[in-house]
Amino acid sequence: MAEARECVAELRVRIGSPAQEYKANHLLRPKHRRALEWFLGPDGPISGRARVALVDKERFLLRTFLTLLSNPDSPGWLAVPDADTGPLDDTRGMYGDVAWRTFLDGVNDLLRGRRPPDELLPVGGWIGCRDALRAVAARQARENPDRVVVDPLFWAISRVADVWGGPVAVVHDRHRSLTPTRIAALMAACAPPGGLVRFDLTAARADARVQLADFLAGIVRRAHTAELEANGDPVLLDLVRGYLAISYVVSA
């Protein structure tokens, strides 16, 4: 904790922004490039001490829902696919950007409890899977009333012990998906030996370690998103490569 506080304080000196809470975008501004390279560099404060699970959320949601639709007896969010081994069909091109975005936004709302399954509103080619999707969601709600159907967050957390060689104690930023029942289920599914031994929630402002994790996650995501959009920064990609522990990404 003390070393994390020192790192945040040093970034404040190097960046000089009056913002109360820094985010990745502060470090990613061109005028703060030297601070970014110091933070990520081999002699920097997090070198060898931080890892990232990188998830292509859109493709993750699609592949996982296809898995659930084909196997509705799957046990909820733990029944997630392994890291991607090949590209999916070009669903976006098949149904169009509007249909793709509508489906994914609806799934995201459903996962987080913001929208009931009847309002998912699949369009175009997706309308044929509405009843099956509704049945999967209803079963999950009935048998696991305090679980989401699937969420990349749980997929990543469930693998943290594998990354660090467990057992692992987790301190995580507060998140509406991380309810007490879901945390208990996650702990049970990833029990020792070699699993999760503790899971605490905190506010990012209260724990400098969480702030540093937030910086790194945002930087890695932005760097790889730019790469997929064909305007990546080779130097930045080289800096973040050593932090990438698990990847669930489909290349463009």
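As the structure is a prediction and not an experimental result, all values here were calculated from the model.

(A) Broad picture of the overall build of the chain. The number of helices and strands found in the chain is 12 helices and four strands. In the chain, buried positions account for 44% of the 252 residues. Taking the intrachain contacts of the chain between residues at least 6 apart in sequence as the baseline, contacts between residues at least 24 apart amount to 72%. Summing over all exposed atoms, the chain offers an accessible surface of approximately 13200 Å²; the carbon and sulfur share of this is 51%.

(B) Broad picture of helix 10 (residues 180-189). R182, I183, A185 and L186 are the residues of helix 10 that are buried. Each buried residue of helix 10 sits inside an arc of 160° when the element is viewed along its axis, so together they form one side. In helix 10, the exposed positions that point more than 90 degrees away from the buried face belong to P180 and A188. Buried residues along helix 10 sit against helix 8 (152-157) and strand 3 (196-202).

(C) Seen up close, unusual backbone geometry. Phi at A230 takes a positive value of approximately 65°, unusual for a residue other than glycine. If you trace the backbone, A230 turns up in the loop between helix 11 (208-228) and helix 12 (234-241).

(D) Inspection of the confidence of the model for the chain at higher detail. On average, the chain scores 76 in pLDDT, and the residues at 70 or more come to 63%. Here helix 5 (residues 91-95) stands out as the least confident element of the chain, with mean pLDDT 47; helix 3 (residues 33-40) is the most confident, with 95. A low-confidence stretch, residues 77-81 (pLDDT under 50), is modelled with 21 contacts involving residues beyond four sequence positions or located in other chains. In this model residues 120-128 is a low-confidence stretch, pLDDT under 50, and it forms 16 contacts with partners more than four residues away in sequence or in other chains.

Reading guide: rules and limits
Residues numbered from 1 in each chain as written. Predicted model: local features only at pLDDT ≥ 70, side-chain atom pairs only at ≥ 80, totals over all residues. Heavy atoms only, no water. Helix = DSSP H or I, 4+ residues; strand = E, 2+ residues; numbered from the N terminus. Buried < 20%, exposed > 50% of the residue type's maximum accessible area, 1.4 Å probe, protein only. Contact = heavy atoms within 4.5 Å. Areas by Shrake-Rupley, 256 points an atom, 1.4 Å probe, with all protein chains shown as cover. Arc of directions from axis to C-beta. pLDDT = per-residue confidence, 0-100.

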